[in-house]
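# Observations on chain architecture
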Amino acid sequence: MKTQNVFTVAIIIALGGFLFGYDIAMMSGTTSQLEQLFDLNSFWLGFTIAIAILGTIVGTLIIGKPAERFGRRRSLIALSGLFALSTIGSATAINWELLLFFRFITGVLLGCISVVTPMFIAEISPAKKRGQLVLLNQFFVVTAIFMAFVVNYLLAQVFETGSWRWMIGVEAIPAASFFLLLNLVPESPRWLVNQGRNDEALAVFTRIKAENPKQEVRIVQESVAQEISMDQGKLFTKENRFPILIAILMAAFNQLAGINAIMIYAPRVFEMAGFATGASLLQSISIGATNLLFTFVALFLIDKYGRRTLLMIGSVGMVFFLGMLSKSFFTGNYSDLGGYGVMIYLMGFIAFFAFSQGAVLWVVISEIFPNKVRSKGQALGTFTHWIMAAALIWGFPVLNNVVGGGPAFGFFAIMMVLHFFFAWKVLPETKGKSLEEIQVDMKKRHQKL
């Protein structure tokens, strides 16, 4: 029988993360051009950027049932093909309304992909390596963010006008590559067991070199049977209250750090601090590089030190650097550290975010729900994440115009203080446990509520 290294399979699936990472950061290079081309005020500029995020919210709501019916692999194949077409539509849009339409469709597809990708990886991963393998999704997200910043800068140098079309259109290349490579991976064995296709699940566990394929199938079968007996085909039950709470709070805190608003409006933040437009795009590359480097660091820490430890350390660092950013904008003093204070504070914030919240979010959400409702639970967490992202991305330009950068960054810092206590007192540790063992722990915690 043909075998594959589970790491290779996870890398291919994680390319789904590349698509929505690139899309998020790519839009940062288009804001000034879109503002001028379509004569947009701060409200409508925020709406134009956030329309894809609004679509993402819709995607998270509708993907649960298709992912359960058609499987993880076939769902991603269809989504990646449609994504390639939608990006071409956005790049060639002849007016603002058509751009909004295609950006919304792109967002719907991104929402679906962002639910299925980490869930798919979690379901094929051995317990000891699951954190690292699911984190590959986030690693590709930040790799794409860095590449988007670089490509945006280069395209802006090549094209004096209309570079925004090329910035968006380039996305069709990774989407088409993802579409083709997905044909090389097997279906999720846990999904196959859920469908009663145990022989196929055994073949997949054997193909990805599980330590004991027959035992893996048996454990999943027993877990699914227990879930059915407890009516765990439904997400919103008393038994699932604790994982639902964890998913919602983790996703909300992730965005309350201000990460997506900062990523998308990074060039504008640098312009606020006195940098020229070209220099601002170049400075944004440093943000992407920092994000990539510290997510890479997290790959080697998450299964060694655990999810909670990374989150608590990250919270402390983010509070400090967000506080320094707030101070800079409150005082209007941008001459700290040789005039590069804002850039260094942003890089510090990104570093601590990348190896903590950025690394841990999708890992934990993909772990904490029972097999029967994992796709629904993943969708709930992703929905919360993107609805918060939409609010912040849409509102950041308006908030900045009304109150300035000082209060905005100060608010993000306060939220990270609360996040520290959430990670310390509420979040359970899941490192080194099988998905089925995590469910046993969740049931014990539910009984204590």
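So, here is what we can say about the structure in this document. (Residues numbered from 1 in each chain as written. Predicted model: local features only at pLDDT ≥ 70, side-chain atom pairs only at ≥ 80, totals over all residues. Heavy atoms only, no water.)

## Things to note about the overall build of the protein chain
Which entries qualify depends on this criterion: Per the convention used, a helix needs a DSSP run of H or I reaching at least four residues, while a strand needs a run of E reaching at least two, with both numbered from the N terminus. The buried label applies to any residue whose accessible area, calculated with a 1.4 Å probe on protein chains only, is under 20% of its type's maximum; exposed applies above 50%, and partly exposed to all values in between. The contact criterion used throughout is that any non-hydrogen atoms of two residues lie within 4.5 Å. Accessible surface area values rest on a Shrake-Rupley calculation with a 1.4 Å probe, where residue burial reflects the displayed protein chains alone.
Each helix and strand counted, the protein chain has 24 helices and zero strands in total. For the protein chain, with 449 residues in total, the buried portion stands at 60%. If you take every contact in the protein chain between residues at least 6 apart in sequence, the share linking residues at least 24 apart comes to 83%. Put simply, the protein chain shows about 17100 Å² of open surface, and 66% of that area lies on carbon and sulfur atoms.

## Examining empty space enclosed by the protein
Our working definition: Using a 1 Å grid laid over the protein atoms alone, points where a 1.4 Å probe fits but cannot get out form a cavity; open sets with protein on both sides within 12 Å along at least 5 of 7 lines form a pocket; any residue with an atom within 4 Å of a point counts as lining. Grid points are joined across faces, edges and corners, and a volume is the space filled by probe spheres set on the points.
Under the definition given, this model contains three cavities of 30 Å³ or more. Put simply, the largest cavity is a space of about 180 Å³. Forming the walls of the largest cavity are 18 residues, and the residues nearest its centre are Gln 138, Val 141, Ile 259, Asn 260 and Phe 353. Of all the elements in the fold, those that place two or more residues in the lining of the largest cavity are α1 (6-26), α7 (130-158), α13 (241-256), α14 (259-264) and α21 (357-367).

## Things to note about the packing of aromatic side chains
Going by this rule: Classification of ring pairs rests on two measures: the distance between centres of Phe, Tyr or Trp rings, Trp counted by its six-membered ring, which must be within 6.5 Å, and the angle between planes, read as stacked under 30 degrees, edge-to-face over 60 and tilted in between. The criterion for a charge sitting over a ring is simple: Lys NZ or Arg CZ within 6 Å of the ring centre, and within 35 degrees of the ring normal.
Following the criterion strictly, the structure yields 21 aromatic pairs and no others. Each ring, one from Phe 18 and one from Tyr 22, has its centre 6.1 Å from the other, and the planes form 20°; the classification is stacked. Here Phe 18 pairs with Tyr 22, and both are found in helix α1, just four residues apart, close to one helical turn. Given the relative accessible area of 11%, Phe 18 is considered buried. Through successive ring pairs, a cluster of aromatic residues spans Phe 43, Trp 44, Phe 47 and Trp 96. The ring centre of Trp 424 lies 4.1 Å from the NZ or CZ of Lys 425, which sits over that ring.

## Focus on helix α9 (residues 172-181)
Rules: The arc in question is traced by the directions running from the helix axis to the C-beta atoms.
For α9, the complete set of buried residues consists of Ala 172, Ala 175 and Phe 178. When α9 is viewed along its axis, its buried side chains cluster within an angular range of 125° and face the same direction. In α9, those exposed residues whose orientation departs by more than 90 degrees from the buried face are Ile 173 and Leu 180. If you follow the buried residues of α9, they end up packed against α1, α5 (72-91) and α8 (163-169).

## Description of a nonpolar patch on the surface
Basically, it comes down to this: For patch detection, residues must exceed 30% relative accessible area and be free of salt bridges, and they are connected within 9 Å for like charges or within 5 Å for nonpolar side chains (Val, Leu, Ile, Met, Phe, Trp, Tyr). Just to be clear on terms, a salt bridge is a Lys or Arg side-chain nitrogen sitting within 4 Å of an Asp or Glu carboxyl oxygen.
There is a patch of nonpolar side chains on the surface, built from Val 58, Leu 61 and Ile 62 and spanning about 260 Å² of accessible area. Secondary-structure assignment places Val 58 in helix α3 (residues 42-62).

## Quick word on the environment of Tyr 305
Within the element layout of this structure, Tyr 305 appears in helix α17 (residues 302-305). C-alpha separation for the pair Tyr 305 and Lys 431, spaced 126 residues apart in sequence, amounts to 8.2 Å.

## A few points about unusual backbone geometry
One can expect most non-glycine residues to show negative phi and most peptide bonds to be in trans. A positive phi angle, close to 55°, is found at Asp 39, a residue other than glycine. Residue Asp 39 is classed as exposed on the basis of its relative accessible area of 69%. Backbone geometry places Lys 209, a non-glycine residue, at a positive phi of 65°. Within the element layout of this structure, Lys 209 appears in the loop between α11 (198-207) and α12 (213-229). For Lys 209, a relative accessible area of 52% translates into the label exposed.

## Considerations on α21
An α-helix turns once per 3.6 residues; consequently, residues spaced three or four apart project the same way. With 11 of its 11 residues buried, α21 lies for the most part within the structure. Among the residues of α21, Gln 357, Gly 358, Ala 359, Val 360, Leu 361, Trp 362, Val 363, Val 364, Ile 365, Ser 366 and Glu 367 are the ones counted as buried.

## Description of the layout of surface pockets
Going by this rule: Residue classes follow a fixed rule: Ala, Val, Leu, Ile, Met, Phe, Trp, Tyr, Cys and Pro count as nonpolar, while Asp, Glu, Lys and Arg count as charged, and any other residue, Gly among them, counts as polar.
In this structure, the largest pocket spans a volume of roughly 680 Å³. Surrounding the largest pocket, 26 residues form its lining, Pro 126, Ala 127, Ala 210, Glu 211 and Glu 216 being those nearest its centre. Mapped onto the lining of the largest pocket, the elements with two or more residues apiece are α1, α7, α12 and α24 (435-448). Taken together, the residues that form the lining of the largest pocket break down as 10 nonpolar, seven polar and nine charged.

## Observations regarding the packing of α7 against α21
Filter applied, for reference: Axis lines are fitted to C-alpha atoms, over the contacting stretch for helices. Their N-to-C directions set the angle, which ranges from 0 to 180 degrees. Oblique is the label for any angle not covered by the other classes, which are roughly parallel (under 35 degrees), roughly antiparallel (over 145) and roughly perpendicular (65 to 115). The crossing is said to be left-handed when, going from far helix to near helix, the turn is anticlockwise and less than a right angle, and right-handed when the turn is clockwise.
Where α7 contacts α21, the axes come no closer than 8 Å and their chain directions differ by 120°. The angle between the axes of α7 and α21 places the two elements in the oblique class. The crossing of α7 and α21 is right-handed. Where α7 approaches α21, its residues Arg 130, Gly 131, Val 134, Leu 135, Asn 137 and Gln 138 are matched on the opposing element by Gly 358, Ala 359, Trp 362, Val 363, Ser 366 and Glu 367. Taken together, the residues of the contact of α7 with α21 sort by class into five nonpolar, five polar and two charged.

## A short note on the pattern of salt bridges
Considering all chains together, one arrives at eight salt bridges under this definition. Notably, a salt bridge pairs Glu 367 with Arg 130, separated by 3.1 Å at the nearest N-O pair. Taken together, the residues Glu 367 in helix α21 and Arg 130 in helix α7 connect sequence positions 237 residues apart. A residue is classified by how much of its surface remains accessible, and Arg 130, at 1% relative accessible area, is buried. With its nearest N and O atoms 3.0 Å apart, the salt bridge here joins Arg 307 to Asp 303. Using a relative accessible area of 23% as the deciding quantity, one classes Asp 303 as partly exposed. Linked through salt bridges whose partners overlap, the residues forming this network are Glu 68, Arg 72, Glu 123 and Arg 374.

## As for the side chain of Ser 75
The condition is simple: Counting of polar contacts relies on pairs of N or O atoms within 3.5 Å, with two restrictions inside protein: one atom must be capable of donating a hydrogen and the other of accepting it, and residues adjacent in sequence are counted only when both atoms are side-chain atoms.
With respect to the element layout, Ser 75 can be found in helix α5. By relative accessible area, which is 7% here, Ser 75 ends up buried. Reaching out from Ser 75, the side chain makes a polar contact with the backbone oxygen of Gly 71 at a distance of 2.6 Å. Discounting residues that sit within four places of it in the chain, Ser 75 has contacts with Pro 66, Ala 67 and Phe 70.

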